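Analysis of the macromolecular model
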Amino acid sequence: MTTTITPLIAGNWKMNGVRASLDELTALAGILTTGDAPRAIVVVCPPATILAAVARQGATSGILAGGQDCHPAAHGAYTGDIAAGMLADAGAQYVIVGHSERRAAHGETDDLVRSKAEAAIGAGLKPIICVGETEAERDSGRAESVVAAQLAGSIPDAAGQHDVIIAYEPVWAIGTGRTPSNDDIAQMHNSIRRQLVDRFGDKGQGIHILYGGSLKPQNAREILALDNVNGGLVGGASLLAKDFATIISAV
Ligand SMILES: O=C(CO)COP(=O)(O)O
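Every value quoted in this text rests on a predicted model; they were computed, and no experiment measured them. (Residues numbered from 1 in each chain as written. Predicted model: local features only at pLDDT ≥ 70, side-chain atom pairs only at ≥ 80, totals over all residues. Heavy atoms only, no water.)

**Observations concerning the packing of helix α1 (residues 21-33) against helix α2 (residues 51-58)**
Test applied: Only the stretch in contact is used when fitting a helix axis, every axis being a line fitted to C-alpha atoms; angles between N-to-C directions are given from 0 to 180 degrees. Runs of H or I in DSSP of at least four residues are treated as helices and runs of E of at least two as strands, each being numbered from the N terminus. Roughly parallel here means an angle under 35 degrees, roughly antiparallel means over 145, roughly perpendicular means 65 to 115, and every remaining angle is called oblique. Each crossing gets its hand from how the near helix is turned against the far one by less than a right angle, where anticlockwise is left-handed and clockwise is right-handed. Working rule for contacts: check all heavy atoms of both residues, and any pair within 4.5 Å makes them a contact.
Orientation of α1 relative to α2, taken along the N-to-C sense of each, is 20 degrees, at an axis distance of 11 Å. Taken together, the axis directions place α1 and α2 in an arrangement best described as roughly parallel. Every pair of crossing elements has a handedness; the one defined by α1 and α2 is right-handed. Every residue of α2 that contacts α1 at L22, L25 and T26 is listed here: A53, V54, Q57 and G58.

Take a look at the structure:
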């Protein structure tokens, strides 16, 4: 059985973006609302300080908002952290969890990432669960097994009943201008799909598997056309409306 999945393109602004970035969002909305309607679900994940503004502004142009991380607890004495419910309250519909920049810098384990994804689902958000191998892991032929272990540990059982999104982001491709070959991307996405179907049956057929890591206007068309690539998670190229719109229109 093949399931048709509406592609999803998400922009991860990381720790970039201030109020002035809302002008980029206005420009993006302008591009997306002229001409043909985008064939993808479009999500922007800005820093938390402008999340509510992005959600408000995006509401008029069909651009959805997402957080970049959440805490596993619903509330409590966690200085500096943000609960999934607070992101939802600010207008988010998605939240990135387990990004490699957090796994590496904050020592986030698969268990913690799974707890965050559960918290997101509990708050009515769709978690974008990130996985990906390091360059050393790929060079030693362990990319697929590393990603398989991350998936097994990071995806909550609740994904059988609720929407989750998987983002495959090879760590060595993030912000470097390098990407795996198309064959390597397709092979990894096919392997992720098999694992999702093994675990979640038909539901696993419909789960988005996004590619992330140096996705650019120049390579988006060929990468987004690969088997089981259901969209992208875009870092640097999501900061400029023109580049992000080109990637969206490459779907
Ligand atoms: O980390 C990424 C998105 O989450 C990818 O970043 P770049 O597109 O800048 O490589």
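**Structural notes on the UniProt feature "binding site: substrate" (unreviewed entry) in the chain**
Selection rule: UniProt positions are given in the numbering used here, feature names are shortened, and annotations may be inferred rather than shown by experiment. The buried label goes to any residue with under 20% of its type's maximum accessible area, the exposed label to any with over 50%, and the partly exposed label to all in between, with areas taken from a 1.4 Å probe on protein chains only. Polar contacts, as counted here, are pairs of nitrogen or oxygen atoms within 3.5 Å of one another; within protein the pair requires one atom able to donate a hydrogen and one able to accept it, and residues that are adjacent in sequence qualify only if both atoms are side-chain atoms.
Sequence positions flagged by UniProt for "binding site: substrate" (unreviewed entry) are, in local numbering, N12, W13, K14, G175, S214, G235 and G236. A maximum C-alpha distance of 14.0 Å among these annotated residues, which run over 225 residues, shows that they cluster at one spot. Here N12 is to be found in strand β1 (residues 8-12). What makes N12 buried here is its relative accessible area of 6%. In this structure, N12 is in contact with C45, Q68, I96, H99, L233, V234, G235 and S238, ignoring residues within four places of it in sequence. Engagement of the side chain of N12 in a polar contact is seen with the backbone nitrogen of K14, the distance being 3.0 Å. As for its position among the elements, S214 is in the loop between β7 (208-212) and α10 (220-224). At 3.5 Å, the side chain of S214 and the backbone nitrogen of T176 are in polar contact.

**Some thoughts on the UniProt feature "active site" (unreviewed entry) in the chain**
On the UniProt side, "active site" (unreviewed entry) is annotated at positions that read H99 and E169 here. These residues run over 71 residues, yet every pair of their C-alpha atoms falls within 8.4 Å of each other. Tracing the sequence through the fold places H99 in the loop between β4 (94-97) and α4 (100-105). Relative to the helices and strands, E169 resides in the loop between β6 (165-168) and α8 (182-200). With relative accessibility at 6%, the residue E169 sits in the buried group. When residues no more than four places from it in sequence are discounted, the contact partners of E169 are H99, C130, V131, G132, I174, G212, G213 and L233. Among the polar contacts listed, one links the side chain of E169 to the side chain of H99, at a separation of 3.1 Å.

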